Amino acid sequence: NDRVAVIASPQGPTLQAITYAFLGAYKSDRAIYYEAISDEPAREASQMVFGRRDLPSYRIDQAEVLISFSADFLETWRSPIELARQYAEFRAPKNRNGALTIGRAIYVGPRFNMTAAKCDEWIAAPAGGEAMLALAILNVILAQGWVGPNSGVDVAALKNFAASYDPASVSQKTGVPADRISKIA
């Protein structure tokens with residue numbers, strides 16, 4: 001028959017089974033999956049780091065500080081409805097380290113979008129400059145000794161990797177003041 005088709009983004013196994021059951025009711029097997037923006041780089045990174053091609057699940061509701069590097073999680077990135085729910089929980093007053101506080105959020109990106117507007121701070125980074133800023137923040141964190149020796153991370157390798165991304169040189173390339181980069185860390 002094939003008069004009915006489903007066109008969708010890739011699904012997990014449960015939703016895929018439901019899709020094929022739906023199509024089967026109409027004697028069709030025409031399911032077409034596409035990725036408008038490919039998740040392949042994220043899957044490759046997951047494979048390299050965790051040995052699995054699964055996309056990560058984010059739990060921003062459990063964070064104390066959130067730095068988003070052009071991930072417009074309240075409008076278009078991944079699952080904005082779920083992430084908006086988690087963001088509301090993240091921003092709710094909680095007892096953290098003996099004090100009642102709300103989560104601190106920073107958005108780093110070239111465009112002042114809804115996610116940037118909802119964060120405490122927006123860092124206007126040039127398009128493509130987000131990675132340099134992330135590495136400069138990592139450089140500061142490592143220089144301050146804020147990564148513990150028992151963290152399970154090769155601190156020496158990270159320091160070597162981030163060494164050329166000191167705030168001053170990244171500031172010259174991105175236009176973001178060095179003291180502001182250091183303050184984010």
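Residue numbers run consecutively from 1 along every chain, following the written order of its sequence. Local features in a predicted model are, by the rule used here, given only for residues with pLDDT of at least 70; side-chain atom pairs are given and counted only at 80 or more, and totals for whole chains, interfaces and linings are based on all residues. In computing side-chain properties, one takes all heavy atoms of the structure into account and sets aside hydrogens as well as water.

A short note on the layout of surface pockets
Lining residues are those with an atom within 4 Å of a point, where the points come from a 1 Å grid over the protein atoms alone and group into cavities, where a 1.4 Å probe fits but cannot get out, or pockets, open sets with protein on both sides within 12 Å along at least five of seven lines. Grid points are joined across faces, edges and corners, and a volume is the space filled by probe spheres set on the points. Computed from the structure, the largest pocket encloses a volume of approximately 960 Å³. Around the largest pocket, the lining comprises 21 residues; the ones closest to its centre are Tyr 58, Phe 69, Ala 71, Trp 77 and Arg 78. Elements with a minimum of two residues in the lining of the largest pocket: helix H2 (40-50) and strand S3 (65-69). Only DSSP runs of H or I covering at least 4 residues are called helices, and only runs of E covering at least 2 are called strands; the numbering of each starts at the N terminus. If one sorts the elements of the lining of the largest pocket by residue count, S3 sits on top with 4 residues. Of the residues belonging to the lining of the largest pocket, the class tally is 13 nonpolar, 4 polar and 4 charged. Counted as a void, the second largest pocket has a volume near 330 Å³. All residues other than Ala, Val, Leu, Ile, Met, Phe, Trp, Tyr, Cys, Pro, Asp, Glu, Lys and Arg, Gly among them, are scored as polar; the first ten of these are nonpolar and the last four charged. A class-by-class count of the residues in the lining of the second largest pocket yields 6 nonpolar, 3 polar and 4 charged.

Observations regarding the sheet that holds strand S6 (residues 104-109)
Overall, parallel pairing links the 3 strands, which are arranged S3-S6-S7 in an open sheet. If you trace the sheet from one side to the other, it starts and ends with S3 and strand S7 (121-124), each paired once. Strand-to-strand, the axes of this sheet are offset by a mean angle of 15°, without reference to chain direction. Pairing geometry for S6 and S7, over 4 bridges, is parallel. Directly across from Gly 109, in S7, lies its bridge partner Ala 124. Whether two residues are in contact is decided by their heavy atoms, any of which lying within 4.5 Å being enough. All axes here are fitted lines through C-alpha atoms, helices being fitted over the stretch that makes contact, and every angle between N-to-C directions spans 0 to 180 degrees. Docked against the sheet, helix H3 (residues 80-91) engages S3 and S6, running at close to 130° with respect to S6. Helix H5 (residues 130-143) rests against S3 and S6 of the sheet, and its axis sits at about 150° to S3. Strands were regarded as paired on the criterion that DSSP finds at least two bridges between them.

Some thoughts on unusual backbone geometry
Unusually for a residue other than glycine, Lys 27 sits at a positive phi of about 55°. Looking at the secondary structure, you find Lys 27 in the loop between helix H1 (13-25) and strand S2 (30-33). Located in the positive-phi region is Arg 78, a residue other than glycine, with phi close to 55°. Of note, Arg 78 is situated in the loop between S3 and H3. Judged by relative accessible area, which is 33%, Arg 78 ranks as partly exposed. Note on exposure labels: buried denotes an accessible area under 20% of the residue type's maximum, exposed denotes more than 50%, and partly exposed covers the range between, all computed with a 1.4 Å probe on protein chains only.

Keep in mind that these numbers describe shape and distance, not what the molecule does.
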